[in-house]
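One-letter residues, chain by chain:
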Amino acid sequence: MKTLIKNGLVVSSTGRQLADVLIDGETIAAVLAPGSVLLGFDVEQNVDVVIDAAGKYVIPGGIDAHTHMSLPFGGTAASDTFETGTRAAAWGGTTTIIDFAVQTFGQRLEDGLAKWHSMAEGECAIDYGFHQIMGDVNDESLRALRGLVDQGITSFKMFMAYPGVFYSDDAQVLRAMQVSADTGMLTMMHAENGPAIDVLVQQLLAEGKTDPYYHGIARAWQLEEEATHRAIMLADLTGAPLYVVHVSARQAVEQLAAARDRGRNVFGETCPQYLYLSLEDNLGAPGFEGAKWVCSTPLRSKHEGHQDYLWQSLRTNDLQLVSTDHCPFCMKGQKELGLGDFSKIPNGIGSIEHRMDLLYQGVVEGRISLERWVEITSTTPARMFGLYGRKGVIAPGADADIVVYDPNGHTSIGYNKTHHMNMDYSAWEGYEIDGHVDTVLARGKRVIDGGQYLGAKGDGRFLRRDLSQYLI
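Owing to the predicted nature of the structure, the values given are computational and were not obtained by experimental measurement.

Cut-offs applied
Residues numbered from 1 in each chain as written. Predicted model: local features only at pLDDT ≥ 70, side-chain atom pairs only at ≥ 80, totals over all residues. Heavy atoms only, no water. Helix = DSSP H or I, 4+ residues; strand = E, 2+ residues; numbered from the N terminus. Buried < 20%, exposed > 50% of the residue type's maximum accessible area, 1.4 Å probe, protein only. Lys, Arg positive; Asp, Glu negative; His and termini not counted. Salt bridge = Lys/Arg side-chain N within 4 Å of Asp/Glu carboxyl O. Polar contact = N/O pair within 3.5 Å; in protein donor to acceptor, adjacent residues only side chain to side chain. Contact = heavy atoms within 4.5 Å. Pairing = 2+ DSSP bridges. Axes fitted to C-alpha atoms, helices over the stretch in contact; angles between N-to-C directions. 1 Å grid on protein atoms, 1.4 Å probe; cavity = no way out; pocket = protein on both sides within 12 Å on 5 of 7 lines; lining within 4 Å. Points joined across faces, edges and corners; volume = space filled by probe spheres on them. Nonpolar A, V, L, I, M, F, W, Y, C, P; charged D, E, K, R; others polar. Right-handed = clockwise from strand over helix to strand, strands pointing away. Parallel < 35°, antiparallel > 145°, perpendicular 65-115°, else oblique. Left-handed = near helix turned anticlockwise from the far one by under 90°.

1. Points about the side chain of E353
As for its position among the elements, E353 is in the loop between β15 (321–322) and α12 (355–364). Buried and unpaired, E353 has no salt bridge, with R87 as the nearest side chain of opposite charge at 8.9 Å. There is a polar contact of 2.6 Å between the side chain of E353 and the backbone nitrogen of H420. Beyond its immediate stretch of four places on either side in the chain, E353 contacts A88, W91, G92, T418, H419, H420 and M421.

As structure tokens, this is what we get:
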């Protein structure tokens, strides 16, 4: 099957050009001047499918480098499976995810990874890879960690939060980072001071402060800044490359920026919820409504300037990319577990379907450039996690993961509007986007076109990743 995308404005992280994109099977064969006969024949007359992208952007498919399909949490599990979550991703122009295989305490690391392989295999609509969560740092798991690179898993995540669940103390973090330094694997860190948070949670509950709003109060920005600094210092000591996930506080960004100014291999992501949502408007919604937006790190106060600072940091590359931390839970039967006790609300927001659109709205509003949009949603995730060349770029030889995006279109987000995630509400109800995902190709196959889903579970393949291509 040969496909030609003609007359579109091809946008990369470094520029834009009017060009035609020729796809042969699953890969990009050529990027040509419109109507070019450079190949010695009329391309349009020698293909099976022609997609006219006149007036539209042609961009590399989005890469969401932080998702949690079916993640067990708080006595329940994330409501999106690999089948439903990757289908929703495709609707929103994301053609690759990197999910987290989980090792729980007392479990062999290899067994946790095998479980996630079995959950994902044959279920995904788009390509997928894995990071490894280390939930039990010991001699055996550290030996197993070293072997993951040969399996195409080149990053692992640790938690400075959630004592008794995923928490690692400083000594455990140090030992894992030593493996990171030796192997080149990227250490990913959930940076919050978990033991201190637990004290504040118990004090707030004892005072009768049980509403979702207090989830944000208990997880104060000082505890994110402190843990971020501590992770940076341990990485500095060991020489490990460090990637801090879901950064929400401006003070934490300042710690990352200072380390990068010293030439350190320190990186950070943020998520759409921290760019748009707030402690007051969302977590502080009347009654139990705020439970919809309980996630960790939490939404921050709009009066403290965190949201604007995060946008600025995306412009200046103090933050390198935007993922979703997609971990959805329904209100009924899941978020409701925390009625009367905010600490029992499952932590997570569903955003995988809307990341590309929400970040494009930042282009419309002049917060980031068109090229930066592509960079932080596709190109940098590919480079950061060892996929660049195959993913994150429109160039000969790359996988034909391509989105045709209409800047003159419109997308209304809401549960009864644009919503394909397996959850009973939309965290983005009422958001209006001045653009629209028209066509999505994943390895050359149209999976979204003309408002229809044309993909199928099993279309996606597991991606063996190389070491990070973003290190200094």
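From this point on, the discussion continues.
2. So, the sheet that holds strand β14 (residues 266–270)
Each strand in a sheet pairs with another by means of backbone hydrogen bonds, the pair being arranged parallel or else antiparallel. Overall, parallel pairing links the eight strands, which are arranged β6-β9-β10-β11-β12-β13-β14-β15 in an open sheet. Where the open sheet ends on each side, the last strands, each with one partner, are β6 (62–67) and β15. Where strand β12 (residues 186–190) and strand β13 (residues 242–244) come together, three bridges link them in parallel fashion. Residue pairing for β13: T187 is matched across the bridge by L242. This element, helix α13 (residues 370–384), spans β6, β12, β13, β14 and β15 of the sheet and lies at about 65 degrees to β6.

3. Concerning empty space enclosed by the protein
According to the stated counting rule, one finds two cavities of 30 Å³ or more in the structure shown. Its volume calculated, the largest cavity comes out at about 160 Å³. In terms of lining residues, the largest cavity is bounded by 16 residues, among which H68, L71, Y162, D325 and N347 are the most central. Within the lining of the largest cavity, the residues separate by chemical class into eight nonpolar, six polar and two charged. One number sums up the size of the second largest cavity: a volume of about 50 Å³. In terms of lining, the second largest cavity is formed by P60, G61, I63, T95, T96, R390, K391, G392, V393, A398, D399 and D401. A breakdown of the residues in the lining of the second largest cavity according to their chemical character gives four nonpolar, four polar and four charged.

4. A short note on the pairing of strand β11 (residues 155–159)
Within β11, five of the five residues are buried, which leaves it mostly tucked inside the rest of the structure. On β11, burial covers both faces: S155, K157 and F159 on one face and F156 and M158 on the other are all buried. Pairing of strand β10 (residues 127–133) with β11 involves two bridges; the strand directions are parallel. Bridge assignment links I133 to a residue of β11, and that residue is K157. Note on the crossover from β10 through helix α3 (residues 139–146) to β11: the handedness is right-handed. Pairing analysis gives five bridges linking β11 to β12, with the strands arranged parallel. Residue pairing for β12: M158 is matched across the bridge by M189. Read as a crossover between parallel neighbours, the route from β11 over helix α4 (residues 170–183) to β12 is right-handed.

5. Brief notes about the packing of helix α7 (residues 221–238) against helix α8 (residues 250–261)
Viewed as axis vectors pointing N to C, α7 and α8 meet at an angle of 20 degrees, and their least axial separation amounts to 8 Å. Taken together, the axes of α7 and α8 lie roughly parallel to each other. α8 is crossed by α7, and the crossing has right-handed handedness. Listed contacts from α8 to W221, E224, E225, T228, H229 and I232 of α7 are Q251, A252, Q255, L256 and A259.

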